[in-house]
Amino acid sequence: MIRSRFDKAAPMIFQCLIIAFFLRFSFINSLPHPLDPLSPAEINQTRHIVQKSYLGAIPNLTYHFVDVEEPYKKNVLKWLSSNTKEKPVIRRQAKVVVRAKDETHELVVDLTRGSIVSDKIYKGHGYPPLTFNELFQASKLPLKYPKFKESITKRGLNLSEVSCVPFTIGWYGEQITRRALKVACFYRGGGSVNVWARPIEGINVLVDVDSMQITMYNDRYRAPMPKAEGTDFQSSSISRPKISVSCNISDIGFTIKGHEVKWANWVFHVGFNARAGMIISTASIFDARKHKYRRVLYRGHVSETFVPYMDPTEEWYFRTFMDAGEFGFGRAADSLQPGIDCPGNAVYVDGYMAGPNGEVQQVPRAICIFERVSGNVAWRHMEINNPKKLIRNGEPEITLVVRMIATVGNYDYVLDWEFLRSGSIKVGVDLTGILEMKAVPYTEKSQIKERVFGTLVAENTIANNHDHHITYYLDLDIDDNNNSFINAKIQRAKATGFGTPRKSYWTVVTETAKREAEGRIQLGLEPADLLIVNPNKRTKVGNQVGYRLISAQPVTSLLSDDDYSQRRASYTKYQLWVTPYNKSERWAAGFYADRSHGDDGLAVWSQRNREIENTDIVLWHTIGIHHIPYQEDFPAMPAVHGGFELRPANFFESSPLL
């Protein structure tokens with residue numbers, strides 16, 4: 001175990017380098033925790049076992065998902081609570097999804113036994129996430145296609161300056177679906193690096209993924225090519241703000257052992273997989289009055305994203321992306337830039353996953369962890385009513401941030417989990433990157449006489465309206481497994497019978513959700529506190545211990561219920577769902593999101609209306625924005641923030657800061 005405190009007399013730059021080196025090293029050389037991601041050796045072992053089986057003899061076998069097979073929660077909690085050196089054995093198993101002969105195989109590989117213990121062929125709707133190789137191969141097909149070459153020549157463009165990007169296509173009522181992509185192409189000519197700003201409009205290319213062939217081609221119309229001038233998004237060293245070298249280290253410090261992080265009064269586990277990206281698990285907080293760690297969160301991560309564009313025309317209607325399920329946030333994880341993505345005191349963690357052939361792929365610096373001294377105040381007060389002296393006291397806000405950035409096509413998602421000494425956990429998403437744009441004949445807004453579906457952000461360039469819905473899986477365990485969800489509604493009451501001139505006040509009316517139907521909530525319709533409580537534990541004064549969910553501005557999908565895109569993402573009609581824990585239910589749109597039909601996932605599971613009172617429950621919370629683009633979002637978009645807070649609600653006897 002390496003601590004993050006060092007001699008303050010050491011030179012600051014050297015101190016930062018030493019911290020980064022030793023803490024990163026400690027991540028790699030520790031014994032496994034039941035929820036640890038698969039190590040490179042385990043990924044290679046998994047591949048070896050699969051390749052030795054009958055599947056290894058099948059040509060073009062592709063790996064679409066390889067992760068730890070979720071162990072039983074009761075076994076993990078028993079392992080964590082064991083104080084003996086001899087921990088109970090939890091077999092290391094891998095869940096593997098491969099494609100062979102146009103079929104999807106679901107495997108469970110026992111790494112202890114060295115064998116496949118389960119092999120099922122998936123027969124339902126939808127497909128596993130696409131591999132990078134498939135996306136890359138599809139992007140190159142138009143460049144060799146004679147009709148496409150002819151279209152490029154007719155537009156007076158240079159084929160060598162064309163880049164193509166494959167898009168998933170959703171589902172629109174087809175009885176039989178195949179794995180397919182549509183490919184859009186962009187022009188780099190003129191020296192611009194911003195391909196998204198120069199779309200080659202009017203061309204439709206459909207690719208069958210399994211045969212990797214173009215099955216439909218349509219050149220429907222032409223639009224003027226937007227200028228390259230003014231599209232470059234690279235900031236110069238002159239315009240970039242200078243940051244003085246500082247490690248920003250407090251005297252709290254943090255330690256990392258394996259994937260377990262200890263900081264201040266918190267201890268938690270950090271994982272990584274190809275789909276969710278960063279995963280926070282087994283977060284507990286130390287209660288100084290009770291002299292023990294108390295459980296808060298068993299598992300938390302991004303479950304799904306839904307990004308529908310609001311252009312119903314032929315070249316755009318299908319752009320309704322599910323970034324986590326169709327591509328994978330972990331696959332899209334970008335190597336973090338020291339000094340830009342993370343501050344100088346950050347410690348970096350590499351991510352590992354299986355590539356299309358099952359071999360290890362590394363994402364250097366996939367996650368960073370750092371203390372943040374933001375300049376905010378944790379608490380303070382000035383008191384003048386003490387006759388002996390004026391009292392002025394308080395503390396600065398010091399937090400610990402765990403960060404990952406996923407770049408999915410044109411958008412970058414900056415994903416934060418921020419731990420506060422007050423007991424709060426703040427979960428944040430910053431959306432930035434490049435707008436998705438459409439070439440049009442207009443150079444000034446007054447020229448537009450037809451329906452358009454976005455904002456004219458530059459000459460011949462419309463940035464289309466769209467949504468971002470990011471759904472989080474939150475398996476909260478407040479002081480134990482058995483929890484309840486309470487909707488504490490704030491309602492106006494008449495002030496009668498008090499003998500004072502007051503006419504009204506507000507009071508709290510609590511409703512405990514008994515079944516799933518009562519745990520589906522559209523936020524923002526009425527004021528309320530949303531509480532997760534342990535009805536079996538109370539404070540000394542008799543309050544149920546709990547946490548509350550504090551959401552940002554609520555956003556719900558505005559698509560009609562019968563829209564095929566909405567059917568696939570029906571869970572976005574409510575920003576909050578509460579379900580009983582089930583280890584197989586983690587992905588809000590269902591595990592097989594690509595070309596899914598909406599017959600699996602959160603909204604379907606919840607129709608069973610299971611009991612959710614005084615039992616192990618999971619919260620699913622969706623945040624996001626309706627994005628109307630503006631000119632300031634061009635050529636690169638300043639970050640837009642969304643998020644929520646999990647905050648103690650009678651969890652402690654008093655403030656943990658004092």
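Residues numbered from 1 in each chain as written. Predicted model: local features only at pLDDT ≥ 70, side-chain atom pairs only at ≥ 80, totals over all residues. Heavy atoms only, no water.

So, on to the state of the cysteines. All told, the structure shown has two disulfides when counted by the stated rule. A sulfur-sulfur distance of 2.1 Å marks the disulfide that ties Cys-164 to Cys-185. What sets the handedness of the Cys-164 and Cys-185 disulfide is the S-S torsion sign, and at about 100° it is right-handed. One end of the pair, Cys-164, is in strand β6 (residues 162-168); the other, Cys-185, is in strand β7 (residues 180-187), with 21 residues separating them in the sequence. Through a disulfide, Cys-342 is tied to Cys-368; the S-S separation comes to 2.2 Å. Residues Cys-342 and Cys-368 are joined by a disulfide whose S-S torsion is about -85°; by sign, that bridge is left-handed. Here Cys-342, found in the loop between α6 (323-327) and β16 (347-354), pairs with Cys-368, found in strand β17 (residues 360-383); they are 26 residues apart in sequence, far enough to count as distant. (Disulfide = S-S within 2.5 Å. Helix = DSSP H or I, 4+ residues; strand = E, 2+ residues; numbered from the N terminus.)

What follows deals with the sheet that holds β7. In space, the four strands of this open sheet follow the order β6-β7-β8-β9, with antiparallel pairing throughout. Edge positions in the open sheet fall to β6 and β9 (213-219), since each of these has one partner strand only. Neighbour to neighbour, the strand axes of the sheet diverge by 25° on average, direction disregarded. Two strands pair when backbone bridges link them, and β6 and β7 are joined in this way by seven bridges, in the antiparallel orientation. Bridging from a neighbouring strand, Phe-167 pairs with Lys-182 of β7. Strands β6, β7 and β8 (203-208) of the sheet are contacted by helix α4 (residues 132-140), whose axis makes an angle of about 130° with β6. Strand contacts of helix α5 (residues 146-154): β6, β7, β8 and β9, with the helix running at about 30° to β9, the strand carrying the most contacts. (Pairing = 2+ DSSP bridges. Axes fitted to C-alpha atoms, helices over the stretch in contact; angles between N-to-C directions. Contact = heavy atoms within 4.5 Å.)

Enumeration according to the criterion identifies 41 salt bridges in this entry. With a shortest N-O distance of 2.8 Å, Glu-134 and Arg-179 are connected by a salt bridge. Here Arg-179 lies in the loop between β6 and β7 and Glu-134 lies in helix α4, a separation of 45 residues in the sequence. In this pair, the class of Glu-134 matches that of Arg-179, namely buried. Arg-610 serves as the salt-bridge partner of Glu-585, at 3.1 Å between the closest nitrogen and oxygen. Placement of Glu-585 in the loop between β29 (576-580) and α8 (602-606) and of Arg-610 in the loop between α8 and β30 (615-627) is noted, with a sequence separation of 25 residues between them. For the pair Glu-585 and Arg-610, a shared accessibility class is recorded, and that class is buried. Via salt bridges that share partners, Lys-73, Arg-295, Asp-475, Asp-477, Asp-480 and Asp-616 belong to a single interconnected network. (Salt bridge = Lys/Arg side-chain N within 4 Å of Asp/Glu carboxyl O. Buried < 20%, exposed > 50% of the residue type's maximum accessible area, 1.4 Å probe, protein only.)

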